[in-house]
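Structural characterization, general
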Amino acid sequence: MGSWNDFNDAQSNTNLIPKGTLAKVRLSIRPGGFDDASQGWTGGYATRGTTGSVYLNGEFTVTEGQYARRKVFSLIGLYSPKGPDWANMGRSLVRGMLNSARGISDKDMSPEAQTARRINGFADLDGIEFVARIDIGTDAHGDDKNEIRSAVTPDHRDYATLMGSLPLQANASNATGPAQQGAEPGAAQTNQPAATPGAPGRPSWAQ
């Protein structure tokens, strides 16, 4: 321990989870009350910011390991008046989350995998569990904060260990319905079935 008259060796901002940490997380969407049925944004999950941007306000709780019960707050972009980049980043993150939660390789383009990457609505994402790569960004005040920008899929060598047990995969040989996420032991909430191709009301951004 350092001396109490010299603080040069004191750690700074020890509350941050180290950049690049892989952890299993559960997403809770903090409802913002904004809907746009033409986009498939229903249920009051989306939030509209003062600049006109639209996003999901995500609270990601680490479920296991060294950082269990720690929370990471990140936005999932749906729309920005500045251009498509933020929405594309949001779509990429959601694709990764679905791949991770449902045990699908990102390279798998089979009809079953494509079906499992579709959702009926944002309710399908609320409560989803997946393996995340934790990053460090900055908040509105310029201070460092943890963020989640990507998910870890079965292509990663540590996926199976981090996920605990492999989620049910969508395949025609053993599935009686679409793949579901792995549920937390004792949790009452389960993932809703994935939408079938061409189902009415399926968000266009989630295709």
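As a starting point, this report considers the structure included with it. (Residues numbered from 1 in each chain as written. Predicted model: local features only at pLDDT ≥ 70, side-chain atom pairs only at ≥ 80, totals over all residues. Heavy atoms only, no water.)

**As for the nonpolar core**
When a protein is soluble and globular, its nonpolar side chains tend to lie buried together. Rules: The nonpolar core is taken to be a set of buried Ala, Val, Leu, Ile, Met, Phe, Trp, Tyr and Cys residues, with the residues joined through side-chain atoms within 4.5 Å. Only protein chains enter the calculation, and the probe is 1.4 Å; a residue is then buried if its accessible area is under 20% of its type maximum, exposed if over 50%, and partly exposed in between. Think of it this way: any DSSP run of H or I at least four residues long counts as a helix, any run of E at least two long counts as a strand, and we number them from the N terminus. Note on contacts: a residue pair qualifies if any of its non-hydrogen atoms lie within 4.5 Å across the two residues.
Of all hydrophobic cores here, the largest spans 31 residues; its most connected members are Leu56, Met97, Phe122, Leu125 and Phe130. Among the elements of the structure, β1 (22-30), β3 (41-48), β4 (54-62), β5 (71-79), α1 (85-101), β6 (129-138) and β7 (144-152) are those that each provide at least two residues to this core. Ranked by the residues each element gives to this core, the list is headed by α1, at 5 residues. Non-local contacts of Phe130, meaning those with residues more than four positions away in its chain, are made with Ala23, Lys24, Val25, Phe60, Met97, Ser100, Ala101, Ala151 and Met163.

**What to know about the side chain of Ser53**
What counts, and what does not: We call two N or O atoms a polar contact when they sit within 3.5 Å, provided that within protein one can donate a hydrogen and the other can accept it, with sequence-adjacent residues counted only if both atoms are side-chain atoms.
Inspection of the secondary structure puts Ser53 in the loop between β3 and β4. The exposure class of Ser53 is buried, given its relative accessible area of 10%. Only 3.4 Å separates the side chain of Ser53 from the side chain of Thr51, close enough to count as a polar contact. Once you skip the residues sitting within four places of it in the chain, Ser53 turns out to touch Thr47, Arg48, Tyr79, Ser80, Pro81 and Trp86.

**Let's talk about the pairing of β1**
Which entries qualify depends on this criterion: For two strands to count as paired, DSSP must find a minimum of two bridges between them.
Two strands pair when backbone bridges link them, and β1 and β6 are joined in this way by 5 bridges, in the antiparallel orientation. Counted as the bridge partner of Lys24 is Val131 from β6. Here 6 bridges tie β1 to β4, and the two strands are oriented antiparallel to one another. In the strand pairing of β4, Arg26 is matched with Thr61.

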